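In case you want the letters, here they are:
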Amino acid sequence: MDESVQPQPRVGTAAASTAAPYAGNPAGTLTGLGPEPGDDALLARIAQGDRQAFALLAARHAPKAMKLAQRVLGNAADADEVVQEAMLRVWTGAKNWIPDGRARFSTWLHRVVVNLCVDRRRRPAFAGLDGIPEPPDPTPSAVNVMARQQTAKLVSQALAELPERQRLAVTLCYYEERSAADAAQILSLSVSAVESLLARARRALRARLSGVVQDTGEV
Amino acid sequence: MADREWSTVDVEDIAALTAVYGGNPARWPADRRAAAVRALAMDGAAHELVVNEARLDALLSMVAEPEISAARVDGVVAGALARLDAVTAPAAKAAPGKLDTFLPSPFDLMRTALSWLSVRAPQAGWLAGATAAGILVGVMTMPSATLPATETTTAQAGATVETAQADVTDMPSLLFTSYTVETHAQ
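Residues numbered from 1 in each chain as written. Chains lettered and ligands numbered in written order. Predicted model: local features only at pLDDT ≥ 70, side-chain atom pairs only at ≥ 80, totals over all residues. Heavy atoms only, no water.

Chemist: Help me understand the overall build of chain B in this model?
Modeler: The secondary structure content of chain B amounts to nine helices and three strands. N-terminal to C-terminal, the α/β element order of chain B is α-α-α-α-α-α-α-α-β-β-α-β. Sorting the 186 residues of chain B into buried and exposed places 25% on the buried side. The long-range share in chain B, meaning contacts at least 24 apart out of those at least 6 apart in sequence, stands at 41%. A total accessible area of about 12200 Å² is found for chain B, and carbon and sulfur atoms account for 63% of it. (Helix = DSSP H or I, 4+ residues; strand = E, 2+ residues; numbered from the N terminus. Buried < 20%, exposed > 50% of the residue type's maximum accessible area, 1.4 Å probe, protein only. Contact = heavy atoms within 4.5 Å. Areas by Shrake-Rupley, 256 points an atom, 1.4 Å probe, with all protein chains shown as cover.)

Listed below in structure tokens is the structure:
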């Protein structure tokens, strides 16, 4: 599952050395560009070593990429690291970006993020603080909340137990609200393959959550 | 599912659609959504299918959405900016057009082989590393192997090939000293 744009390191330019450091959300005003420069324009600037353009593009796309990574990895710290690594690949691979209007930058970025997440999941896991469940609230009024949390936990567990590609397909199409065509691009699959993954995933989830069905009457 | 016209759909189509995309018509592909929604209004069995899948959707939606704070985003972006120089540095070192850019050194090959082994079979990686180190130590500490200062061979066409390596007296020198061959025509 290699991303199509292979990162090529580039030598720093004068623009890179004089760019202002990032301090919070960038204002979005770059010399020679409008107030809301498009992704392609920013990538062209990044290819020339423009750090300000990089900061703007990264800040624009990081939230969604982080959300995707956290859904796949189930861990905020790992998700942040993965997205940071993906952003570095944007920096090194920007010169290979062809702005032909067909490929969307966000699709390419999410493809990189998914690949990095898959690589990271294959490493030995470290049981961090994120794996420790929240202590239950002892107040009686919290019973319904706890029941809901318990159900959510079962659903999360059922999702985590899905085969990797099925889980990725559900994450992209259901939680990230990507179309099957977008998910197919991100996963380097055909649309029919993604639809097949989704169907199998839903079948497996229904089987795993059959107990929840009887308890809650949801399914 | 994608290679047909979707002007009309039946219950089987709805079943296939909901099995993939669930019970929320907003998630259905645009090319078949309108026809499927029309069919729902007229077919009770299709409606029942959609309701069943919507229940599973409801369960899936109970999973909390990850919270991405502005501070986290700033941290990721600032961290990436701080690492830009580190990822740019290798490009400055690798001058294009030089042969050594593309040919790995023996040490690179050994390092790659060891890392490959250590990933796939950690014990084998350690064993291979220890073996390589042992061979290297053995070679470096081998007693001096005295070679003739000058070795002369008569070539076919009456030429004499003379190897000039008077300083080479032991195996490490033989391995790590450049070897010079001089040819003298008689």
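Resuming the write-up.
Chemist: What exactly am I supposed to notice about the packing of helix α4 (residues 76–93) of chain A against helix α4 (residues 70–82) of chain B here?
Modeler: Helix-helix packing: each pair is described by the crossing angle between the helix axes and the interaxial distance. Running from N to C, α4(A) and α4(B) cross one another at 40°; their axes reach a closest spacing of 9 Å. Our classification of the angle between α4(A) and α4(B) gives oblique. The chirality of how α4(A) crosses α4(B) is right-handed. Across the interface between the two elements, A:A76, A:A79, A:D80, A:V83, A:Q84, A:M87 and A:L88 from α4(A) touch B:R72, B:G75, B:V76, B:G79 and B:A80 from α4(B). Tallied by class, the residues present in the contact of α4(A) with α4(B) amount to seven nonpolar, three polar and two charged. (Axes fitted to C-alpha atoms, helices over the stretch in contact; angles between N-to-C directions. Parallel < 35°, antiparallel > 145°, perpendicular 65-115°, else oblique. Left-handed = near helix turned anticlockwise from the far one by under 90°. Nonpolar A, V, L, I, M, F, W, Y, C, P; charged D, E, K, R; others polar.)

Chemist: What exactly am I supposed to notice about the packing of helix α1 (residues 11–21) of chain B against helix α2 (residues 30–42) of chain B here?
Modeler: Residue and element names in this part refer to chain B. One can describe the packing of α1 onto α2 by two numbers: an axis separation of 11 Å at closest approach and a directional angle of 115°. For the element pair α1 and α2, the recorded crossing hand is left-handed. Residues I14, L17 and Y21 of α1 lie in contact with α2, whose contacting residues are R32, A36, A39 and L40. Each residue belonging to the contact of α1 with α2 can be placed in one class, and the counts come to six nonpolar, no polar and one charged.

Chemist: Hey, could you run me through the nonpolar core in this one?
Modeler: Nonpolar side chains in soluble globular proteins generally cluster together in the buried interior. Ranked by internal contacts, the top residues of the largest apolar core, which has 85 residues, are A:M87, A:L109, A:V113 and A:L159. In contact with A:V113, other than residues within four places in its own chain, are A:A65, A:L68, A:A69, A:V82 and A:A86. (Core = buried A, V, L, I, M, F, W, Y, C linked by side-chain atoms within 4.5 Å.)

Chemist: What is the right way to read the pattern of salt bridges from this model?
Modeler: Close approach of charged atoms allows side chains of opposite charge to pair. A full pass over the atoms with the stated rule returns 20 salt bridges over all chains. Close ionic contact of A:E164 with A:R122 constitutes a salt bridge, the shortest N to O distance being 3.3 Å. Note that A:E164 is positioned in helix α7 (residues 164–175) and A:R122 in the loop between α5 (105–121) and α6 (143–160), a separation of 42 residues in sequence. Take A:E164: its relative accessible area is 23%, and that puts it in the partly exposed class. Two residues, B:E53 and A:R202, come together in a salt bridge whose shortest N-O distance is 2.8 Å. In this pair, B:E53 is assigned in helix α3 (residues 44–60) and A:R202 in helix α9 (residues 191–208), connecting two distinct chains. By relative accessible area, which is 12% here, B:E53 ends up buried. (Salt bridge = Lys/Arg side-chain N within 4 Å of Asp/Glu carboxyl O.)

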